[in-house]
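Summary of structural features
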Amino acid sequence: MRPHWLLALIAAIVLPGIFVAWMIWGGYEPNLPQSTFQADGPVGKLQKDLFWIIFWSATVIFVVIEGIFVYAIFRFPRRPNQPIPPQTHGHQTLEIGWTIAPAIVLAVVAVPTVSALWQIYNVPEEKAGLAIEVRAHQWWWEFKYPNQGVVTANEVHMPVGTRVHFTLHSDDVIHSFWIPKLGGKLDVIPNHSNVIWLQGDEPGEYYGQCAEFCGEAHAFMRFRAVVDTQADFDKWVAAQKAPASAAATGAATTGEALFMGKGACTACHTVAGTNAKGVIGPNLTHVGSRTTIAAGIMPNDHENLVKWLSDPGGIKPGNKMATVIGKSIKLTPDEVGALATYVQGLK
Ligand SMILES: [Cu+2]
């Protein structure tokens, strides 16, 4: 065999073969927070099953086509002085065959696909599950629970085993709502509300991500979905409805004064029960109880809050807090420390 044939063979069969073998026998289910191979809940599992049906259909087609290809290479190699073999035109059986075969493949793939689409878009009545209004902003997420009277940001809590009915709105550009392990994604469009339902069957923390390029900080537009037991969920709702915890002493009180005054934080943030009623940034009433800050990009601890308040534009380029904080309002390290203590105390 000539070397270029050998290369073609390796490229066409051996490499994909190794990849498929690695996927199947290597148990290609990496334990990553956004792996759709570790789906949870009915929508996530449905989408994963659909992936495997299509994957295996494509694998069968690949093996058959490549098999014919390889057979032809070995069976009919070009030999010196060989005349051109007889040319066929209009071979009826062949033509009917290669028209019907793809139609059958498409039909096989279409049945589960259409059925899955039906189930995903068969959004339950709003009353049947829990309703959550999602509002996407460049570059963070707002979550409103209309029936519970809760507003929060960047961390959405869902009771286990409950269909959650998400209505998606956008404040600015097109975003896409995606919790890879639970399902999605669905576009979040300005002036139009899309609806999707998702359900978590296993309590835990799931990663969410904006999946439609939406500007400079798109990759940093993340969130967390926390699937709680019903008891934990009820506790969470009660805590979210309570007024913000008052600043205790020392640094927190200084921080509160800065928040309401020099820091101008009230221009953009709401802290329920205080004079802070801004709506440009995330609601901070209970920000201390969230696991992350700045739309899921870093753990919520004192050190990170200090980093964020010192230089929001350095942490998350382009974000809309950085237009003021660090530019027209410069805070001293002591002020930042006090603000971070106050913000952390908002549980
Ligand atoms: Cu986005």
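Conventions used here
Residues numbered from 1 in each chain as written. Predicted model: local features only at pLDDT ≥ 70, side-chain atom pairs only at ≥ 80, totals over all residues. Axes fitted to C-alpha atoms, helices over the stretch in contact; angles between N-to-C directions. Helix = DSSP H or I, 4+ residues; strand = E, 2+ residues; numbered from the N terminus. Parallel < 35°, antiparallel > 145°, perpendicular 65-115°, else oblique. Contact = placed C-beta atoms within 7 Å. Nonpolar A, V, L, I, M, F, W, Y, C, P; charged D, E, K, R; others polar. Pairing = 2+ DSSP bridges.

The geometry of helix H2 (residues 41–75) relative to helix H3 (residues 92–121) is characterised by a closest axis approach of 10 Å and an angle of 170° between their N-to-C directions. The orientation of H2 with respect to H3, classified from their angle, is roughly antiparallel. Contacts from Val 43, Leu 46, Leu 50, Ile 53, Ile 54, Ser 57 and Ile 61 of H2 reach H3 at Val 105, Val 108, Val 109, Pro 112, Thr 113, Ala 116, Gln 119 and Ile 120. Of the residues in the contact of H2 with H3, the class split is 12 nonpolar, three polar and no charged.

Attention now goes to the sheet that holds strand E7 (residues 183–188). Hydrogen bonds between backbone groups are what pair the strands of a sheet, and the pairing can be parallel or antiparallel. Spatially, E4-E10-E9-E6-E7 is the arrangement adopted by the five strands of the open sheet, whose pairing is mixed. The sheet is open, and its two borders are formed by strand E4 (155–159) and E7, each paired with just one other strand. Between one strand and the next, the sheet's axes are offset by a mean angle of 20°, whatever the strand orientation. Sheet topology note: the strand E9 (residues 204–210)/strand E10 (residues 222–228) ladder contains six bridges and is antiparallel. Looking at E10, one finds that Gln 209 is bridged to Arg 222. Its contacts with the sheet place helix H4 (residues 230–241) against E4 and E10, and it is angled at close to 135° to E4.

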